[in-house]
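# Secondary and tertiary structure notes
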Amino acid sequence: MRIACPFCGPRGSEEYTYLGDATVRRPEGDAPSEAWFAYVYLRDNPAGRHRELWYHGAGCRSWLVVERDMRSHDILSVAPARDMALARGRAA
Amino acid sequence: MSAPAMILPRQAVATSAAGPAPAQPFRLAAGGLVDRTATLDFTFDGRRYTGHPGDTLASALLANGVRLVGRSFKYHRPRGILSSGPEEPNALVELRSGARREPNTRATMAELFAGLEARSQNRWPSLRFDLMGVNQLVAPILAAGFYYKTFMWPAAFWETVYEPLIRRAAGLGRAAGEPDPDHYEKATLHCDVLVTGAGPAGLMAALAAARAGARVVLCEEDVRLGGRLLAERRTLDGLPAPDWLRGVEAELRAMPDCRILTRTTVFGAFDGACGAVERVSDHLATPPEFQPRQRLWRIVAGRQVLAAGSIERPLVFGGNDRPGIMLAGAVRSYLNRFGVAAGRRAVVFTNNDDAACTVADLAAAGVAVAALVDMRREVSPEIRRIAEAAGASLLTDAAVTRVRGRTALRGVEVTDGAGRRHALDCDLLAMSGGWSPSLHLASHHGGKAAWNEARATFLPPEQLPPGMAVAGAANGDLLLAECLAAGARAGAAAAQATGFRPAPPATPSVDGESTASAPFWWVRGGRGKAFVDFQNDVGVEDVALANREGFRSVEHLKRYTTLGMATDQGKTSNANGVALLAELSGRTIAGTGTTTFRPPYTPVAIGALAGHHRGKAFRPVRRTPTHDWAAEQGAVFVEAGPWLRAQYFPRPGESDWLETVTREARTVREAVGLCDVTTLGKIDIQGPDAATFLERVYINTWKALPVGRARYGVMLREDGMVMDDGTTARLAEDRFVMTTTTVNAVRVSQHLEFCHQWLWPELDVQMISVTEQWAQIAVAGPRSRAVLERVVDAPFDIGNDAFPHMACAALTVCGGIKARLFRLSFSGEMAYEIAVPARFGDALARRLMEAGAPFGITPYGTEALGVLRIEKGHVAGNELTGQTTAADLGLGRMMSRKKDFIGRAMAQRPGLTDPARPVLVGLRPVDRAARLRGGAHLLPRGAESTAAHDQGYLTSVAFSPALGHWIGLGLLVRGRERMGEIVRAHDPVRGGDLEVEVVPPVFVDPEGARLHV
Amino acid sequence: MSDTALAARSPLAGLLRPGRQGARGDLPGVVVQERTGLQIVSLAARKGQEVPLMAAVRAAWGIDLPTTPRRVGDARLAFVWSGPSQWLAVATDWPGDLEAALRAHLGGLGSLTDQGDGRVVLRVRGPHARDALAKGMAIDLHPRAFQPGDVAATLAAHIGVQIWQLDEAPTYEMAAFRSTAGSLCDWIVAASAEYGVEIVEPG
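Residues numbered from 1 in each chain as written. Chains lettered and ligands numbered in written order. Predicted model: local features only at pLDDT ≥ 70, side-chain atom pairs only at ≥ 80, totals over all residues.

## Comments concerning the overall build of chain A
The following threshold applies: Helix and strand labels come from DSSP, where a helix needs a run of H or I of at least four residues and a strand needs a run of E of at least two; each type is numbered from the N terminus. Partly exposed residues are those whose C-beta has more than 12 but fewer than 20 other C-beta atoms within 10 Å; 20 or more makes a residue buried and 12 or fewer makes it exposed, with C-beta atoms placed from the backbone. By definition, residue pairs are in contact when their C-beta atoms, positioned from the backbone, come within 7 Å.
From N to C terminus, chain A includes 2 helices and 6 strands. Seen in sequence order, chain A has helices and strands lined up from the N terminus as β-β-β-α-β-β-β-α. Once the C-alpha set of chain A is aligned to its principal axes, its extents read approximately 40 × 30 × 25 Å. The buried share of chain A, reckoned over its 92 residues, is 30%. Here the contacts in chain A between residues at least 6 apart in sequence split such that 48% fall between residues at least 24 apart.

## Here's the deal with the interface of chain C and chain A
Let me state the cut-off plainly: Lys, Arg, Asp and Glu make up the charged group, whereas Ala, Val, Leu, Ile, Met, Phe, Trp, Tyr, Cys and Pro make up the nonpolar group; the residues left over, Gly among them, are polar.
Listed by partner, the interface residues are 9 residues for chain C and 12 residues for chain A. No other element matches the 4 residues that strand β9 (residues 151-156) of chain C contributes to the side of chain C that touches chain A. For the side of chain C that touches chain A, the class distribution of residues is 6 nonpolar, 3 polar and no charged.

## Some points on the sheet that holds strand β23 (residues 421-425) of chain B
All names here are of chain B. Here is the rule we go by: Strands are treated as partners if at least two bridges between them are detected by DSSP. Note on geometry: axes are lines fitted to C-alpha atoms, helical ones only across the stretch in contact, with angles between N-to-C directions running from 0 to 180 degrees.
With antiparallel pairing, 3 strands are arranged side by side in an open sheet as β21-β22-β23. Every interior strand has two partners, whereas the edge strands, β21 (399-404) and β23, have only one. Along the sheet, successive strands turn relative to each other by an average axial angle of 25 degrees, direction set aside. As judged from the 5 bridges shared by strand β22 (residues 411-415) and β23, these two strands associate in the antiparallel manner.

## Remarks on the packing of helix α6 (residues 328-336) of chain B against helix α7 (residues 354-364) of chain B
A pair of packed helices can be characterised by two numbers: the angle between their axes and the separation between those axes. Residues and elements named next belong to chain B. To keep it simple, the criterion reads: Each crossing gets its handedness from the near helix: less than a right angle anticlockwise from the far helix is left-handed, clockwise is right-handed.
Taken N-terminus to C-terminus, the directions of α6 and α7 make an angle of 35 degrees; their axes are 10 Å apart at the nearest point. Considering only the axes of α6 and α7, their crossing is left-handed. Contacts between α6 and α7 involve Ala328, Val331, Arg332, Leu335 and Asn336 from the former and Asp354, Ala355, Cys357, Thr358, Asp361 and Leu362 from the latter. Tallied by class, the residues present in the contact of α6 with α7 amount to 6 nonpolar, 2 polar and 3 charged.

## Comments concerning the confidence of the model for chain B
All names here are of chain B. Using the following cut-off: Confidence scores labelled pLDDT are given residue by residue by the predictor and lie between 0 and 100.
Chain-level pLDDT for chain B is 92 on average; 93% of the residues reach the 70-or-more range. Contacts for the low-pLDDT stretch residues 1-18, under 50 throughout, to residues beyond four places or in other chains number 24 contacts. Across the interface, the model reports ipTM at 0.98; the global pTM reads 0.93.

## Notes on the sheet that holds strand β4 (residues 71-73) of chain C
Residue and element names in this part refer to chain C. With antiparallel pairing, 5 strands are arranged side by side in an open sheet as β4-β5-β6-β3-β7. Looking at which strands have only one partner, the edges of the open sheet turn out to be β4 and β7 (110-114). Going from strand to strand, the sheet's axes swing by 25 degrees on average, the running direction of each strand aside.

## A short note on the interface of chain B and chain C
Counting residues at the interface gives 46 residues for chain B and 43 residues for chain C. Mapped onto the side of chain B that touches chain C, the elements with two or more residues apiece are β8 (184-196), β31 (622-623), β35 (681-686), β39 (766-769) and α20 (841-852) of chain B. The greatest single-element share of the side of chain B that touches chain C, amounting to 5 residues, is contributed by β8(B).

## Observations concerning helix α10 (residues 540-548) of chain B
In an α-helix there are 3.6 residues to a turn, and that puts residues three or four apart on one side. All names here are of chain B. For clarity, the cut-off: Here the arc refers to the directions that run from the helix axis out to each C-beta atom.
Looking only at α10, the buried set comprises Val540, Asp542, Val543, Ala546 and Asn547. Projection of α10 onto a plane perpendicular to its axis shows the buried side chains occupying an angular sector of 165 degrees, all on one side. The inward-facing, buried residues of α10 abut β29 (531-533), β30 (538-539), α11 (554-561) and α12 (574-584).

## A look at the nonpolar core
All names here are of chain B. Worth spelling out the cut-off: We call a set of buried Ala, Val, Leu, Ile, Met, Phe, Trp, Tyr and Cys residues a nonpolar core when their C-beta atoms link them within 7 Å.
One finds Ala205 and Val779 to be the most contacted residues of the largest nonpolar core, which totals 386 residues. In terms of residues, this core owes the most to one element, helix α9 (residues 480-497), which gives 11 residues. Discounting chain neighbours no more than four positions away, the residues touching Val779 are Val672, Leu674, Ser784, Val787, Leu788, Ala831, Tyr832, Ile834 and Leu848.

## A short note on unusual backbone geometry
Cis rather than trans, the peptide bond between Ala794(B) and Pro795(B) has omega equal to 5 degrees. Inspection of the secondary structure puts Pro795(B) in the loop between α19 (784-789) and β41 (808-813). The step from Ala169(C) to Pro170(C) runs through a cis peptide bond, and the omega angle for that step is 0 degrees. For Pro170(C), the location among the structural elements is in the loop between β10 (159-167) and β11 (171-177).

## Structural notes on the pairing of strand β32 (residues 636-640) of chain B
Where β32(B) meets strand β33 (residues 643-648) of chain B, 5 bridges bridge the pair, whose relative direction is antiparallel. From the neighbouring strand, Ala640(B) faces β33(B), where its bridge partner is Trp643(B).

Here it is as structure tokens:
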């Protein structure tokens, strides 16, 4: 599997570490326990497009949001997690 | 017991093992691509033979009249050479001897070299007379699924009787049993276009792409380029095939960005890359100096063209596995490429027009052709003419219904459409059931091959691996002209797709041919076992049995009968097996479907997969700045994650590690010791929001920590469990240096980046690892200050008032070396950690030893470090299991209630605050002379030793020099309420069971007075 | 109380001896050299300070900080991209303390961390340098894909490295964590053996 790092270019999966679902949002500190439980444990497993967090630890140490088709393994987009997080912050 | 006579020409008979190697009686007088000017000696089962450069072991054996080469997997039936390529299911032999002995090598792929030693497999005591051949007599109980049926009861026999029995009978060759003396490599190749297979289609694809300027890699598993063109008498552009091939190869080799890898099998199409193995030195007795035996290539290609050709299908009839029965294409290959007649008198048995070539080539080589047996009712006038010219009788609508001979073919009986039987003497039967595309790589991404009724074959799946195109015979095109044209088109398209502007090369003109075929493979009513899968010994009855017992899905058929499994992956058997199952179950072949071909296409040595990374290079080793100094001190090293750390420093006269470790720990408590702690992760955290960031990742508070002070911190995972711990020091208002445990350094760094980049990108904080920048040495013990005073430059004051416990500072040591000093203690003694730029680490250790000599300083290793921290009840990796909370470890009060931090919310959930959780306690044996064992489980006194009574376990144990007996830390249910209680430490693994007393986890100086002197 | 300064020790001391190894022949296919006399300081822009930081670097040394994986500068001082808004300043025989010089010019625009002791830097050059590196590095070093001035952070024989190309010889420099120096050298020497490898005096 190869992921095109937006900074470093295409690299093999051995350079990356997988974390998981990029669609969950960390609740506010005082959120009810159900929200925390959902954030930490509940995950969808969609048959199709999904966004995941990958870390380019052996490269530029950037966290990336990788959009992937779970059926074909096709990678549809890769974006720096920080940029997405900042955009999310601006939108909120 | 005398062996039955083989049909062999007179001159080959009666050669003794000791005598001179015989001539090659089946070698044709002329022709072929072998070098007849040189002769190579080799042995097979200890007997000497000769061959020529350019031979494979198989062609050389055939040239010498050796037909019987192995025994089959299950029934130990005599087997000969079936094919001339990687699909060979029968001729699996052991090559070489000693540490280089390699089992299960296909004789058809092994290039001959001088001195090659080869042996047959799976026979005892000899190939000719194999006792396990009695398996044939009990064949009914070895039928499909016999493993599942036979070895069921009694269950007590599973491990004691059945498994050893199966293991002894299973498998073919013997592994060398010694370390492989050769070395292997792995490397990566990038290209625009990968072409797999250098037959007519692959060569044209490579030409088209390379001429367009693309970076091309052309992989061919054979030693020569050409594919089937090497085996057939064809002309291209008016040139004999070998001459045409020379021209193409010369052009490709002249192009700087075209790389040709011969002896290289592309064995898998993986996600993002292909795997290929180059047999760099397999054709030599031993690899040349500095050359690997094999090289594993990871090939990253923009596009790829699969031109792997096709594999001929055997016909399925009773006795079709007799030595001397061979695929017709292989017969032609041995004639035309190797100049070897596979027999003296042949019968050709076929369902297709390829037979014309077989008959013609045999006749041209002077081999008598007794008959052409065609399963079809009608054949073309051209075939009639060729048969007539060869003097072969033509039997149509006919089939072989019986074979004669046991270890070699002596004749066949043919039954024609009218029911007439014809007895024919022959020592060679060339059979052809048509050709199946070699499409394995095309289905490695899960795509299923699709049945094509018109071509009566499986074709590559519609869903190909990304970037792959299939061309030529691999795509079902059997005509040479089609292969050449399709290859050129595919190569041009691949170049275009990778940004080049190709002009497709002109396709060479070729002589005419016909590939008409009729889909008949199975002869009913013949005598003897009819095999579908030769390698796995699966016959028609096995498929029929599976069908009767309801295993009608091809996937079930495969598992139940083993058809198409193992190293063979169904190369010669898949289409026949599926067709047979379809017929037996009354379905179409398309409706029956096929199994998925899996990588590797052919077996890959484990050594090739490991490459450079074996033995000491198994994985990178990280050495501390004081490694060489420690080695000089006689240190014994231990792996700590990727690091090598000094474990203990034995001195002359010390009898074992425990004596050494006890001495080191005692010296720290009583005088002073030093220990390299460089391996602890160090992260430089800077920025205006650095303190805020720490507040959010640690459970305790940081904003109020003054500059020049350090603090112990604990971080949790978001699920509330402890992730890591360590001390973090404030170097400036906007700068901290964090330490992590050795093993978690990388993980913590990744976690902090995650928190910063994804959770809190608004924070102005920057971080980078400085683990390697600083050599850090702990100096611990009551005399540590006295030692340090001798290295710290004046006027810096390290006295207790100026530099108290948990102080830190930047300073200089040893006359101007910049350094950082931390007053930290893991041992519970007054202690410092001193950091200098890593290049000075070695010299600093030596200087500290000199400075400490008057005070009795000793170096101590990780074992003594462990003893000292257990005596103090400090947690470490054994307690930070990922299943412990801060409260479990007695650190619950550190958790701030005034702020949010990672893990805060989930740490409050009922499961993690349950008072019945196992918590950290100290444990000491009631019998003070008894030794504790880590991992022993804690059980109440009097309770049965069952999991139901399990209340925790000993996480860490040590012999305490301070107390003079063994002590331990453990996790015990409700442990804090049970001080003074006696429980059992039960150790079923090592057979221990002793009483221990529950005590507070801090065994030495519980008030911490020694820290503050 | 202390006296003389401490002796420095190279990460490869005792591990890489100068001389010829592997296949014999006139010219070595690969030449390996440990770099010495380097100062390395990591630089990370403070939040939102990329533009003024770049201006300050340009003003002080006439170097445009690269925003893609490139190395800009010369043998005396170069900036090597090492991540978004992060660089390594690499200086050879720099008079004085590089970190202090950077701090003087860049002030609060970036976070500076001395890394000179944390890295081993190997120079690898020769006609077969690419072939040898391909035995442990998965990135494409073909001249169409990687040229002088290009930089990559990647793995070599499972060891994290930063590699940059200096010229078309080709000459590469590879920086890795100091502790991995032994394993890194064992690998590059083994990978180069078939071409003949010359280990030259550090410099």
